[in-house]
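# Structural characterization, general
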Number of protein chains: 2
Amino acid sequence: MAIKVHGNPFSPPSQRVLLALAEKDLDYEYVFVDMSAGQHKKEPFISINPFGQVPAFEDGDLKLFESRAITRYIAYAYADKGTPLFDQDPKKVAITSVWLEVEALKFDAAGSKLSFEILIKPLLGMTTDEGAVEQQQGQLASVLDVYEARLSESKYLGGDSFTLVDLHHVPIVNNLMKTKVKALFDARPHVSAWVSEILARPAWAKVLDVLKI
Amino acid sequence: MAIKVHGNPFSPPSQRVLLALAEKDLDYEYVFVDMSAGQHKKEPFISINPFGQVPAFEDGDLKLFESRAITRYIAYAYADKGTPLFDQDPKKVAITSVWLEVEALKFDAAGSKLSFEILIKPLLGMTTDEGAVEQQQGQLASVLDVYEARLSESKYLGGDSFTLVDLHHVPIVNNLMKTKVKALFDARPHVSAWVSEILARPAWAKVLDVLKI
């Protein structure tokens, strides 16, 4: 099999890559990285990702890391398969790129910290930092205010169709829906409708099924 | 004139966009955003960037924000002008995309905070947080260790030619060279050679000249 994903079931970036592959209906080999044994900090893993973080990705002799670079590659290299994840028109691509940056630098900055503090820390026997939760909820609320305005103008964040922008949000949105932070999404009707839409993707159900989470 | 950049001379993201335009040898109108008067938080600026941050960009009726989405648009929309800022081969583009993510999520995360703490805060009469400086220097050193290995294999971070990846680093690297953090770059020979190379771009000299900084 040509495509290999080295990931961990609880890693949102790993989930992001699996979702892109599922949307494209591509076959792949899933290689479990045992982070509790520190496999991500050792060879052979760090020869693919020198930063020692999941996921890492192989397609034949091409080796990649950084989940959003991997999904971008999948979207372009397999443009003719499954769901189109990018517009063709260069001006629409530019708009999509803006919102890709917003997800990575604004939404995820707050969303990942909240997910870690509220969901992951208790699993690891660590104590949630309530001050950090408070602060990041404020940050996330500001981002969601902008999303609410954007989603009152277009059905999806990148434009009128589902793109990589929406896809990149799914794992963290899915986590946050299990926490009190859900209230921030529910309070904004367009955001709330968008959340329902992106979490209902059949490809996401496939990922959850593969990972058994 | 078709292209307008709304920016501030001291904003590294604004500088990043001007550098892309200079590499492409494109004409543009520079609109000064007076951040001390809060212009970036008011109309008409926030109708281009609802997050109220410089830069914002217009090319005819296309309005963009997020500096890296803007430079990506410039690189593709004006592919035939000036310096090519992207490879053509899809696998090389994928590798470039990995390092674009590394710059935005790892290098800049530490570098921008250091630049703000050491250079900008004193200008604004604020006190540098030495604990934060210490911590971010540690983060940056880890990133530069990976860069040192990468740059021993290829002349530039994205590959054998100068691309958007290197370009995105220039404003923050330029700032950090004026601080004690320079020592972290100097201690790594391949990183140090790369710094000299990217800061010596004639296009960067043009930007400094336009901004009078």
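Residues numbered from 1 in each chain as written. Chains lettered and ligands numbered in written order. Predicted model: local features only at pLDDT ≥ 70, side-chain atom pairs only at ≥ 80, totals over all residues. Heavy atoms only, no water.

We now examine the packing of aromatic side chains. Evaluated as defined, the whole model comprises 20 aromatic pairs over all chains. Both rings, one in Phe-65 of chain A and one in Trp-99 of chain B, keep their centres 5.8 Å apart while their planes meet at 85 degrees; by these two values the pair is edge-to-face. Note that Phe-65 of chain A is positioned in strand 4 (residues 62–65) and Trp-99 of chain B in helix 4 (residues 90–123), a pairing that runs across two chains. The pair formed by Phe-65 of chain A and Trp-99 of chain B is uniform in burial state, with each residue classed as buried. Ring centres 6.1 Å apart and planes at 50 degrees place the aromatic pair Phe-51 of chain B and Phe-65 of chain B in the tilted group. (Phe/Tyr/Trp six-rings, centres within 6.5 Å; stacked < 30°, edge-to-face > 60°. Helix = DSSP H or I, 4+ residues; strand = E, 2+ residues; numbered from the N terminus. Buried < 20%, exposed > 50% of the residue type's maximum accessible area, 1.4 Å probe, protein only.)

This brings us to the interface of chain A and chain B. Contact with chain A, which involves 27 residues of that partner, is made by 27 residues of chain B. Taking both sides of the interface into account, the surface hidden between chain A and chain B amounts to around 2500 Å²; carbon and sulfur atoms contribute 73%. Inspection of the chain A/chain B interface yields four salt bridges. For the salt bridge of Lys-91 of chain A with Asp-61 of chain B, the shortest nitrogen-to-oxygen distance reads 3.2 Å. Linking chain A to chain B there are six residue pairs in polar contact (both at pLDDT 80 or more). Secondary structure elements with two or more residues in the side of chain A that touches chain B: strand 4, helix 3 (67–77), helix 4 (90–123) and helix 5 (130–151) of chain A. Among the elements that make up the side of chain A that touches chain B, the one with the highest residue count is helix 4 of chain A (11 residues). Of the residues belonging to the side of chain A that touches chain B, the class tally is 16 nonpolar, two polar and nine charged. (Contact = heavy atoms within 4.5 Å. Buried area = accessible area lost by both parts, 1.4 Å probe. Salt bridge = Lys/Arg side-chain N within 4 Å of Asp/Glu carboxyl O. Polar contact = N/O pair within 3.5 Å; in protein donor to acceptor, adjacent residues only side chain to side chain. Nonpolar A, V, L, I, M, F, W, Y, C, P; charged D, E, K, R; others polar.)

Okay, the environment of Asp-25 of chain B next. For Asp-25 of chain B, the location among the structural elements is in the loop between helix 1 (12–23) and strand 2 (29–32). In this structure, the C-alpha to C-alpha distance between Asp-25 of chain B and Tyr-78 of chain B, residues 53 residues apart in sequence, is 9.8 Å.

Residue and element names in this part refer to chain B. Contact geometry for helix 3 (residues 67–77) and helix 4: axes closest at 13 Å, N-to-C directions at 155 degrees. Considering their axes alone, helix 3 and helix 4 lie roughly antiparallel with respect to each other. Crossing handedness for the pair helix 3 and helix 4: right-handed. Of helix 4, the residues touching helix 3 (which contributes Arg-68, Arg-72 and Tyr-76) are Val-93, Ser-97, Leu-100, Glu-103, Ala-104 and Asp-108. (Axes fitted to C-alpha atoms, helices over the stretch in contact; angles between N-to-C directions. Parallel < 35°, antiparallel > 145°, perpendicular 65-115°, else oblique. Left-handed = near helix turned anticlockwise from the far one by under 90°.)

Before going further, it helps to examine the pairing of strand 4 (residues 62–65) of chain B. Sheet topology places strand 3 (residues 56–59) of chain B next to strand 4 of chain B; four bridges connect them, and they run antiparallel. Each residue of the ladder has a partner; that of Phe-57 of chain B, found in strand 4 of chain B, is Leu-64 of chain B. (Pairing = 2+ DSSP bridges.)

We now examine the UniProt feature "domain: GST C-terminal" (unreviewed entry) in chain A. Feature annotation in UniProt assigns "domain: GST C-terminal" (unreviewed entry) to the following positions: residues 89–213 of chain A. Secondary structure within residues 89–213 of chain A divides into 76% helix and 0% strand; the distance between the first and last C-alpha atoms comes to 37 Å. (UniProt positions renumbered as here; feature names shortened; annotations may be inferred.)

To continue, consider the pattern of salt bridges. Scanning all chains against the criterion turns up 28 salt bridges over all chains. Glu-23 of chain B is the salt-bridge partner of Arg-201 of chain B, the closest N and O atoms lying 2.8 Å from each other. One end of the pair, Arg-201 of chain B, is in the loop between helix 8 (189–199) and helix 9 (202–211); the other, Glu-23 of chain B, is in helix 1, and 178 residues separate them in sequence. The network of salt bridges with shared partners includes Arg-16, Arg-68, Glu-103 and Asp-108 of chain A.

Turning next to the domain arrangement of chain A. Residues and elements named next belong to chain A. When cut into domains, chain A gives domain 1 (3–84) and domain 2 (90–203). Centre-to-centre, using C-alpha coordinates, domain 1 lies 21 Å away from domain 2. Each partner contributes residues to the interface: domain 1 has 14 residues there, and domain 2 has 16 residues. Taking both sides of the interface into account, the surface hidden between domain 1 and domain 2 amounts to around 1300 Å²; carbon and sulfur atoms contribute 62%. (Domains from an automatic or database assignment.)

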